[in-house]
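Notes for the structure review
Here are the chains, one letter per residue:
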Amino acid sequence: MTTTSPLALLGGRPVIDAPGPHFAWPPIEDRDIEAVTDQLLSAVSIPDRSGVVAELEDALASFLGVRHVVTTCTGTAALHSMYAAAGVGPGDEVIVPALTFHATATPLFHLGARPVLADVDIRGQLDLDDAARRITPRTKAVVAVHLWGLPENMDALAAFSARHDLMLLEDGSHAHGATWHGQPVGSFGRAAAFSMNGPKPLSAGEGGFVATDDTELYYRVLLHGQYNKRCRREIPADHALSPYAVTGMGLKLRIHPLAAALAHAQLPHLKGYLEGREAVAARMRRALRYVPGVDVPHLPSHAGPAWYALPLGPARRPARRTIPRSRPRRGRHRGRPSRLHPRTRRSPAVPHPRGPPARLR
């Protein structure tokens, strides 16, 4: 195939002609099939914190370094329970980034609260200057969204929330295993919500969870979506919420045991999955460095991404040209090549004489 052939999308010959699908996630191996099959033969409903649900929650709490984890049926349900348990209610405002999946904001409507969209910077992270302008007496919390698995600047967000007396919450739906200064995302705020939907780095097929160090908030998460047996067994009898344990808030948001079994089988391999994603992301970033008009993520050394995706943005600086615009006619010397001329030697638009690495030419 020549470089001028039409795209396969427009009728050209495909580069890859093997039948699809060419990629599937999560990777399902014998261990996963065995875990789900064993659970199917053991119990298809777990109404309390026992069996594989307890095992998964304990493993997730240990992985994140938090006290409590409550699994849910979806990441959206986890966000809903987190907001409810954090005391967000009618008339409250919560600052969320304008660039995020809608489920970061939509559960707030069910609580009578108002999501306030704040702008993001060129990296797609929350613009704290814009967020500050949107604070009102009704603002109760700010949400750190680790979009595409790239950790937010948690030093800046923690300082921002403390300075403005706001609760810091996290949406880590894309960011299982991501870190900031070595600390797992999801362990910085008062609580964090995660998704375990099909393509997430840690997948249950469908599922989610709330992570927190706050025991009172933990009880409220239970009351929101884990009513009856689990609430009655875990909320102390002398606690103010105990009388509501049977009905809770009327929602059943429990994870399915088969989903829990899959996630529990996948979790020990998450570190290896992330290493694989890091290798792919590094290769793609190297290859895209010389594409005009495109910029790739630039992360500080203390940020450990989960690479749920590789977000691309417009170039922040002129692209380095690898081919001169024109060449002088034969026999007519026009002085030194512009790339070596003193006035242009340091110009970012002029390539090194050797050009990009050979493998990218």
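What this report covers is the structure whose coordinates are included nearby.

Quick notes on the rules
- Residues numbered from 1 in each chain as written.
- Predicted model: local features only at pLDDT ≥ 70, side-chain atom pairs only at ≥ 80, totals over all residues.
- Heavy atoms only, no water.
- Helix = DSSP H or I, 4+ residues; strand = E, 2+ residues; numbered from the N terminus.
- Buried < 20%, exposed > 50% of the residue type's maximum accessible area, 1.4 Å probe, protein only.
- Contact = heavy atoms within 4.5 Å.
- Areas by Shrake-Rupley, 256 points an atom, 1.4 Å probe, with all protein chains shown as cover.
- Core = buried A, V, L, I, M, F, W, Y, C linked by side-chain atoms within 4.5 Å.
- 1 Å grid on protein atoms, 1.4 Å probe; cavity = no way out; pocket = protein on both sides within 12 Å on 5 of 7 lines; lining within 4 Å.
- Points joined across faces, edges and corners; volume = space filled by probe spheres on them.
- Nonpolar A, V, L, I, M, F, W, Y, C, P; charged D, E, K, R; others polar.
- Axes fitted to C-alpha atoms, helices over the stretch in contact; angles between N-to-C directions.
- Parallel < 35°, antiparallel > 145°, perpendicular 65-115°, else oblique.
- Left-handed = near helix turned anticlockwise from the far one by under 90°.
- Pairing = 2+ DSSP bridges.
- Salt bridge = Lys/Arg side-chain N within 4 Å of Asp/Glu carboxyl O.

Right, let's get into the overall build of the protein chain. What the protein chain contains, in helices and strands, is 10 helices and 12 strands. Considering the protein chain as a whole, with its 361 residues, one finds that 42% of them fall into the buried category. At a minimum sequence separation of 6, the contacts of the protein chain that also span at least 24 residues come to 63%. Total accessible area computed for the protein chain in this model is approximately 19800 Å², and 55% of it derives from carbon and sulfur atoms.

Counting residues in each nonpolar core, the largest one holds 35 residues, and the members touching the most others are Met82, Tyr83, Val94 and Leu169. Mapped onto this core, the elements with two or more residues apiece are helix H3 (75-85), strand E2 (93-97), strand E4 (139-145), strand E5 (167-171), strand E8 (191-195) and helix H7 (215-225). When sequence neighbours within four positions are dropped, the list of residues in contact with Leu169 reads Met82, Tyr83, Ala86, Ala141, Val142, Val143, Ala144, Arg190 and Ala191. If you look at the next biggest cluster of nonpolar residues, it comprises 28 residues, including Ala175, Ala211, Ile255 and Ala261.

Our next topic: unusual backbone geometry. Between Gly20 and the following residue, Pro21, the backbone shows a cis peptide bond with an omega angle of 0°. Looking at the secondary structure, you find Pro21 in the segment before helix H1 (30-42). Cis rather than trans, the peptide bond between Trp25 and Pro26 has omega equal to 5°. In this structure, Asn228 takes a positive phi of about 70° despite not being glycine. Here Asn228 is to be found in the loop between H7 and helix H8 (229-234).

Okay, the layout of surface pockets next. Here the second largest pocket defines a volume of roughly 450 Å³. Residue lining of the second largest pocket: 24 residues in total, with Ile122, Arg123, Gly124, Leu150 and Pro297 positioned closest to the centre. The residue inventory of the lining of the second largest pocket, partitioned by class, reads 16 nonpolar, five polar and three charged.

The next point concerns the packing of H1 against helix H9 (residues 257-266). Between two packed helices, what matters for the description is the angle formed by their axes and the separation of those axes. It is at 9 Å that the axes of H1 and H9 come closest, and there the two elements cross at 150°. Looking at the two axes, H1 sits roughly antiparallel to H9. By crossing handedness, the relation of H1 to H9 is classed as right-handed. Residues Arg31, Asp32, Ala35, Val36, Gln39 and Leu40 of H1 pack against Pro257, Leu258, Ala261, Leu262, Ala265 and Gln266 of H9. Within the contact of H1 with H9, the residues separate by chemical class into eight nonpolar, two polar and two charged.

Across the 10 residues of H9, eight count as buried, placing the element largely inside the fold. Looking only at H9, the buried set comprises Pro257, Ala259, Ala260, Ala261, Leu262, Ala263, Ala265 and Gln266. Buried residues in H9 make contact with H1, helix H2 (51-64) and helix H10 (270-288).

Let us now look at the sheet that holds strand E11 (residues 303-304). Ordered by their spatial adjacency, three strands build an open sheet running E7-E6-E11, and the pairing between neighbours is antiparallel. Lying at the two open borders of the sheet, with one neighbouring strand each, are strand E7 (183-184) and E11. Pairing analysis gives two bridges linking strand E6 (residues 179-180) to E11, with the strands arranged antiparallel. By the bridge assignment for E11, Thr179 is matched with Gly304.

A few words now on the packing of H3 against H7. Look at H3 against H7: their axes get within 8 Å of each other, and the N-to-C directions meet at 125°. Overall, the two elements H3 and H7 adopt an arrangement that is oblique. Between H3 and H7 the crossing geometry is right-handed. Taking contact as the criterion, the partners of His80, Ser81, Ala84 and Ala85 in H3 are, on H7, Leu217, Arg220, Val221, His224 and Gly225.

Let's shift gears to the pattern of salt bridges. A side chain of one charge can pair with a side chain of the opposite charge if their charged atoms are brought near each other. All told, the structure shown has 14 salt bridges when counted by the stated rule. The salt bridge involving Asp48 is made with Arg233; its shortest N-O contact spans 2.1 Å. Of this pair, Asp48 sits in the loop between H1 and H2 while Arg233 sits in helix H8, and the two are 185 residues apart along the sequence. By relative accessible area, Arg233 is classed as exposed at 57%.

Quick look at empty space enclosed by the protein now. Per the stated rule, a full pass over the model turns up two cavities of 30 Å³ or more. Volume-wise, the largest cavity comes out at about 50 Å³. In this structure, the largest cavity is lined by Ile46, Asp48, Val53, Thr71, Gln226, Arg230, Arg254 and Ile255. Residue composition of the lining of the largest cavity, grouped by class: three nonpolar, two polar and three charged. Empty space within the second largest cavity amounts to approximately 30 Å³. Every residue lining the second largest cavity is listed: Leu60, Phe63, Leu64, His176, Phe194, Leu202 and Phe209. Of the residues forming the lining of the second largest cavity, the biggest block, three residues, is contributed by H2. A breakdown of the residues in the lining of the second largest cavity according to their chemical character gives six nonpolar, one polar and no charged.

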